[in-house]
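Residues per chain, in single letters:
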Amino acid sequence: MAYLVPDFQNPTGALMPDAARRTVARLAERYRVTVMADETMRDLDLRPAPSPLERIPRAVLVGSAAKTVWGGLRVGWIRGTAALVGELACHPLCEPLSAAPTQQLVAAELLRDPARVLDHRRTALRRQRDHLSGLLAGDSRWRFTVPPGGLALWLRLTDVRSDVVAAQSSAYGLELSPGQSFAADATCAHHLRLPYTSPITTLDRVAAVLDAACGGQGQGPRVPGPGR
């Protein structure tokens, strides 16, 4: 089995080109590999004029309301052949691993006509992404590409390791995920995931903490001290 996140991959925000998707499908068919495409970020397309996203042919699709609607709505789903879905529905772990019925009912109601919810979500995320990107742009201590979608910036720190920055940020009350958390072989030691899901005022604080955690050599806002 191959597990892929072709749409705004977490944490990089990368979008797999259509040609690559078709190549994956051909290779999977040739070598009899089941492709599981994680689509939890698919609807968080923040491009100005989004074009339709091509799916990987014959892939099993996984989605979730936790990213597109609200983090507390822990309801996901699987799309596949009738035989596969039937087999999974009869699996003894299906019921205990399912979300509470109330959550499922809420998700079913929201997903009946999700356009308004998704439009609101994308508008807010686009504004927050651009705000945080603007605060961090032009600083030599890191570099990043503004992602076309998803929930976070993927910073490449120039000098300091990301676990050091995460530890420093934690002392200021900000919990961040260092790059090693996203690599099975503990690489990405100089990468840092920086979500932009918080309100604008909180993102101002995030930028200030990051500035202080990286040595305070940039032009970022100062971090308020205790009691201020």
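Preceding block: the structure.
Residues numbered from 1 in each chain as written. Predicted model: local features only at pLDDT ≥ 70, side-chain atom pairs only at ≥ 80, totals over all residues. Heavy atoms only, no water.

S.K.: Can you lay out the sheet that holds strand E5 (residues 142-143) for me, pointing to particular residues and giving the numbers?
M.R.: In spatial order, the strands read E5-E6-E8-E7; together these 4 strands make up an open sheet with antiparallel pairing. Looking at strand neighbours, the two that pair on one side only are E5 and strand E7 (177-178), the edges of this open sheet. Of the pairings in the sheet, the one linking E5 to strand E6 (residues 152-157) comprises 2 bridges and is antiparallel in character. Across the sheet, tryptophan 142 pairs through a bridge with leucine 157, a residue of E6. Along the sheet, helix H5 (residues 115-136) contacts E5, E6 and strand E8 (191-195); its crossing angle with E6, the most-contacted strand, is approximately 15°. On the sheet, helix H7 (residues 200-213) packs against E5, E6 and E8 and is oriented at approximately 160° with respect to E8. (Pairing = 2+ DSSP bridges. Helix = DSSP H or I, 4+ residues; strand = E, 2+ residues; numbered from the N terminus. Contact = heavy atoms within 4.5 Å. Axes fitted to C-alpha atoms, helices over the stretch in contact; angles between N-to-C directions.)

S.K.: Any details on the sheet that holds strand E3 (residues 60-64)? Residues and values, ideally.
M.R.: Strand order in the open sheet formed by 4 strands is E1-E2-E3-E4, with mixed pairing between adjacent strands. Single-partner strands in this sheet number two, and they are strand E1 (2-4) and strand E4 (76-79). Neighbour-to-neighbour, the strand axes of the sheet open up by a mean angle of 20°, direction not taken into account. One ladder, built from 4 bridges, connects E3 with E4; its direction is antiparallel. Residue pairing across strands places glycine 63 opposite tryptophan 77, the latter belonging to E4.

S.K.: Give a detailed account of the packing of helix H6 (residues 162-171) against H7, specifying residues and quantitative values.
M.R.: Relative orientation of the contacting elements H6 and H7 amounts to 120°, with a least axis distance of 9 Å. Between H6 and H7, the angle falls in the class oblique. Every pair of crossing elements has a handedness; the one defined by H6 and H7 is right-handed. For the pair formed by H6 and H7, the contact residues are Val165, Gln168 and Ser169 on the first element and Val209, Leu210 and Ala213 on the second. Partitioned by chemical class, the residues of the contact of H6 with H7 number 4 nonpolar, 2 polar and no charged. (Parallel < 35°, antiparallel > 145°, perpendicular 65-115°, else oblique. Left-handed = near helix turned anticlockwise from the far one by under 90°. Nonpolar A, V, L, I, M, F, W, Y, C, P; charged D, E, K, R; others polar.)

S.K.: Describe the packing of aromatic side chains, listing the residues and the values that go with them.
M.R.: All chains considered together, the criterion is met by 1 aromatic pair. Ring geometry for tryptophan 154 versus phenylalanine 182: centroids 5.8 Å apart, planes at 90°, classification edge-to-face. Here phenylalanine 182 lies in the loop between E7 and E8 and tryptophan 154 lies in strand E6, a separation of 28 residues in the sequence. (Phe/Tyr/Trp six-rings, centres within 6.5 Å; stacked < 30°, edge-to-face > 60°.)

S.K.: Got a sec to walk through H6? Specific residues and values, please.
M.R.: Every buried residue of H6 is listed here: Ser162, Val165, Ala166 and Ser169. Take H6 and look down its axis: the buried residues cluster within an arc of 100°, on one side only. Of the exposed residues in H6, those oriented more than 90 degrees away from the buried face are Ala167 and Ala171. Against the buried residues of H6 lie E6, E7, E8 and H7. Trailing H6 by a residue or two, glycine 173 shows a phi angle of about 90°, which is positive. (Buried < 20%, exposed > 50% of the residue type's maximum accessible area, 1.4 Å probe, protein only. Arc of directions from axis to C-beta.)

S.K.: How would you sum up the pattern of salt bridges? Please name residues and give values.
M.R.: Under the criterion given, the structure shown has 14 salt bridges. Notably, a salt bridge pairs glutamate 39 with arginine 55, separated by 2.7 Å at the nearest N-O pair. Note that glutamate 39 is positioned in the loop between strand E2 (35-38) and E3 and arginine 55 in the loop between E2 and E3, a separation of 16 residues in sequence. A relative accessible area of 11% means that glutamate 39 is categorised as buried. Note that glutamate 109 is salt-bridged to arginine 112, the shortest N-O span being 3.3 Å. (Salt bridge = Lys/Arg side-chain N within 4 Å of Asp/Glu carboxyl O.)

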